[in-house]
Amino acid sequence: MHKRGSFGSRFGAIAAAAGSAIGLGNIWRYPYVVGENGGAAFILLYLLIVFLIGLPCLMSEFALGRFTRKNVFGAFRKLAPKKKWYLIGVLGIVTSFVILAFYSVVAGWTVAFLKDSLINEFSGLSAAAIGSNFDGFVASGWEPLLWTFLFCLITALIVMLGIENGIERYNKIMMPMLLAILLVLCINSFSLDGFKEGIAFLFRPDFSKITVDVALSALGQAFFSLSLGMGTMMTYGSYIRRQDNLLFTSSTVAIADLSIAILAGIAIFPAVFSFGIEPGSGPDLVFKTLPNIFGQMTGGYLLGILFFLLLVVAALTSSVSILEVLVAYCSEELNLSRKKSVIICATLAFGASVVCALSQMPDSSLKIAGQNIFDFLDTFSSSYLMPVGGFFIVIFTGWFFGKQRLHAELSSDGVYKVRYFNLFLFIVRYLAPIAIAFIFFSKIGIL
Ligand code: PFF
């Protein structure tokens, strides 16, 4: 039996959990999902989902994790011995593996773009040239893998150092850095011609844009962005000290995650509108449009470097948390050392990244349901695997964990007052599962 690590401070726990939540989901994914789904109306729906479903789900994961002090699989085994609930743990491990695979590929692009901005690769290139450069880079299949490998290596090294010395220490450095960079980029947005238009797009809602598809995207984005439904927050919860207030920790994380997404919107959309680019241009948004914008902007050289550094840092603090789900499982359930677990898990995940990256070559036959494997895993994990995991986690918390135990966990054994406990219970028992099921079944066409 190995000694379990834990976060050494309240700030450390918050930085790590916020570091997991804040990632490419906020800066790469959120702007293009907002763009594709019509802007402000989507954001309002998203807000509602974050507070009504996301936050209670996050609290549940923290509570189950801290109570059991185990990895996601072991936690359900302990909570419900001889029952099938451990399957949620299995689902969490599969989802982590899948997400780490495609996430590392995008993260690899961010490292490559950081290098390109450093050597001033984008200056003087036309929009078309930048676009085709990116397409060529992705389509080459192999070149991005080099960067993905480098990224996986850094992720693995941090996780290898352990909870307090690795994960907590680096999050405490990287999260303030991320906020500072983002603020510089936001302040710069004020000076752009498209500032008004960009802000209107973000904050002026058009409710006719809300459809079931939009709701499912908002739900998926909320799960993805808060790292929910796959045991990441359970695993991190298992390292939170007993004296820390879970309600405070989880609401700080949810608010930080939301604020960073909105700030990323403010940093990105004014620039998008200033240069006449289509806001709904999809996953390529930040990789095609922003280098183009930085290439034309005064101070673009420095801003470009800052922006891609922001992406690398954001990606790293998230990938570390996904790898930790797998490593905690291997070291606790299979009794391997942390070092061995990291090497095995990171190597397997990198292998899966290779498949994802190669599936993006134009003539690749690596397809599922007509999509290349990369795109398929991106949507399938956030729109299906994570909400399904989240559904069962809230059901378990609401109906099977036990009301007293839940209260004891949320109040740290009576130290903190749990306001609105009954409301919370109502949400995890009824509202959250029904809302998830409703959106889900409408999408599949059953409702
Ligand atoms: N929340 C991260 C982001 O927004 O980029 C992505 C993520 C991290 C998803 C950890 C899932 C996870 F377990």
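Look up: the structure comes first, before these words.
Residues numbered from 1 in each chain as written. Predicted model: local features only at pLDDT ≥ 70, side-chain atom pairs only at ≥ 80, totals over all residues. Heavy atoms only, no water.

Chemist: I'd like a rundown of the overall build of the protein, residues and numbers included.
Modeler: Counting secondary structure elements, the protein contains 18 helices and two strands. For the protein, whose C-alpha radius of gyration is 21 Å, the value lies close to the compact-globule estimate of 22 Å for 447 residues. Across its three principal axes, the protein shows a C-alpha extent of roughly 65 × 50 × 40 Å. Looking at the protein as a whole, 60% of its 447 residues are labelled buried. (Helix = DSSP H or I, 4+ residues; strand = E, 2+ residues; numbered from the N terminus. Rg over C-alpha atoms; globule rule 2.2 N^0.38 Å. Buried < 20%, exposed > 50% of the residue type's maximum accessible area, 1.4 Å probe, protein only.)

Chemist: Quick rundown of the packing of helix H10 (residues 212-225) against helix H18 (residues 421-444)? Include the residues and the values.
Modeler: Between H10 and H18, whose axes approach to 9 Å, the crossing angle comes to 130 degrees. The orientation of H10 with respect to H18, classified from their angle, is oblique. Classified by chirality, the crossing of H18 by H10 is left-handed. Residues Val212, Asp213, Ala215, Leu216, Leu219 and Phe223 of H10 form the contact with H18, whose own contacting residues are Ile436, Ile439, Phe440, Ser442 and Lys443. (Axes fitted to C-alpha atoms, helices over the stretch in contact; angles between N-to-C directions. Parallel < 35°, antiparallel > 145°, perpendicular 65-115°, else oblique. Left-handed = near helix turned anticlockwise from the far one by under 90°. Contact = heavy atoms within 4.5 Å.)

Chemist: Let's hear about empty space enclosed by the protein: which residues, and what values?
Modeler: Under the definition given, this model contains three cavities of 30 Å³ or more. In this structure, the largest cavity spans a volume of roughly 110 Å³. Every residue lining the largest cavity is counted, 14 residues in all, and those nearest its centre are Ser20, Tyr103, Phe224, Ser227 and Ile322. Those elements that place two or more of their residues in the lining of the largest cavity are helix H1 (10-21), helix H5 (86-118), H10 and helix H14 (300-333). Across the lining of the largest cavity, the residue classes break down as seven nonpolar, seven polar and no charged. In this structure, the second largest cavity encloses a volume near 80 Å³. Leu185, Asn188, Ser189, Leu192, Ala267, Ile268, Ala271, Leu290, Ile293, Phe294, Met297 and Phe307 are the residues that line the second largest cavity. Those elements giving two or more residues to the lining of the second largest cavity turn out to be helix H8 (163-189), helix H12 (246-274) and helix H13 (285-296). Here the residues of the lining of the second largest cavity sort into 10 nonpolar, two polar and no charged. (1 Å grid on protein atoms, 1.4 Å probe; cavity = no way out; pocket = protein on both sides within 12 Å on 5 of 7 lines; lining within 4 Å. Points joined across faces, edges and corners; volume = space filled by probe spheres on them. Nonpolar A, V, L, I, M, F, W, Y, C, P; charged D, E, K, R; others polar.)

Chemist: Explain unusual backbone geometry to me, and be specific about the residues and the numbers.
Modeler: The residue Ala369 is not glycine, and still its phi comes out positive at about 50 degrees. By secondary structure assignment, the location of Ala369 is in the loop between strand S1 (367-368) and strand S2 (371-372). The backbone phi angle of Ser412 is positive, close to 50 degrees, even though this residue is not glycine. By secondary structure assignment, the location of Ser412 is in the loop between helix H17 (403-410) and H18. Using a relative accessible area of 3% as the deciding quantity, one classes Ser412 as buried.

Chemist: Describe the site of the ligand, and please don't skip the residues or the numbers.
Modeler: What surrounds the ligand is a group of 16 residues, the closest being Ala21, Gly25, Tyr103, Phe224 and Thr232. Here an oxygen atom of the ligand and a backbone polar atom of Leu24 are 3.0 Å apart. In this structure, Ser225 approaches the ligand through a main-chain N or O atom, which is 3.1 Å from a nitrogen atom. Computed on the free molecule, the ligand has an accessible area of 340 Å², of which 100% lies beneath the protein chains in the complex. Among the detected pockets, the ligand sits in the largest cavity. Residues that form the shell around the ligand fall into these classes: seven nonpolar, nine polar and no charged. (Near = heavy atom within 4 Å. Polar contact = N/O pair within 3.5 Å; in protein donor to acceptor, adjacent residues only side chain to side chain. Areas by Shrake-Rupley, 256 points an atom, 1.4 Å probe, with all protein chains shown as cover. Sits in = over half its atoms within 2 Å of the grid points.)

Chemist: Describe the packing of aromatic side chains, listing the residues and the values that go with them.
Modeler: Going through the model one piece at a time under the given rule, you end up with 36 aromatic pairs. The interplanar angle of 55 degrees and the centroid separation of 5.0 Å between the aromatic rings of Trp85 and Phe400 together place this pair among those described as tilted. Placement of Trp85 in the loop between helix H4 (72-79) and H5 and of Phe400 in helix H16 (residues 373-400) is noted, with a sequence separation of 315 residues between them. The buried category is assigned to Trp85, whose relative accessible area is 16%. The partly exposed category is assigned to Phe400, whose relative accessible area is 47%. Lying over the aromatic face of Phe224, Arg29 brings its terminal NZ or CZ to 5.0 Å of the ring centre. One Lys or Arg, Arg429, reaches over the ring of Trp399 and ends 4.7 Å from the middle of that ring. (Phe/Tyr/Trp six-rings, centres within 6.5 Å; stacked < 30°, edge-to-face > 60°. Lys NZ or Arg CZ within 6 Å of the ring centre and 35° of its normal.)

Chemist: Quick one: what's the story with the pattern of salt bridges, residue by residue and with numbers?
Modeler: This structure, assessed with the given rule, holds 11 salt bridges. The closest approach of N and O atoms between Glu409 and Arg66, which form a salt bridge, is 2.7 Å. On the criterion of sequence distance, the pair formed by Glu409 in helix H17 and Arg66 in helix H3 (residues 40-68) is long-range, its members being 343 residues apart. In terms of burial, Glu409 and Arg66 fall into one category: buried. Between Glu324 and Arg338 there is a salt bridge; the shortest N-O distance is 3.0 Å. One end of the pair, Glu324, is in helix H14; the other, Arg338, is in helix H15 (residues 338-358), and 14 residues separate them in sequence. Residue classification places Arg338 among the partly exposed residues on the basis of a relative accessible area of 22%. What you see here is one network of salt bridges that share partners, running through Arg66, Arg242, Glu409 and Asp413. (Salt bridge = Lys/Arg side-chain N within 4 Å of Asp/Glu carboxyl O.)

Chemist: For H3, give the residues involved together with the corresponding values.
Modeler: An ideal rise of 1.5 Å per residue puts 42 Å on 29 residues; H3 measures up with 40 Å between its terminal C-alpha atoms. Of all the bends in H3, the greatest measures close to 40 degrees and is centred on Val50. Looking one or two residues beyond H3, the residue adopting positive phi is Arg69, at roughly 50 degrees. (Expected span 1.5 Å × (residues − 1). Bend = angle between axes of the 7 residues up to and from the residue.)

Chemist: How would you explain the side chain of Asn37 if you had to name every residue and give the values?
Modeler: If you trace the backbone, Asn37 turns up in the loop between helix H2 (24-36) and H3. Within the structure, Asn37 has its side chain in polar contact with the backbone oxygen of Val33 (distance 2.8 Å). The residues touching Asn37, leaving out its near neighbours within four places in the chain, are Phe42, Lys209, Val214 and Ser217.

This is a description of form; function is not addressed.
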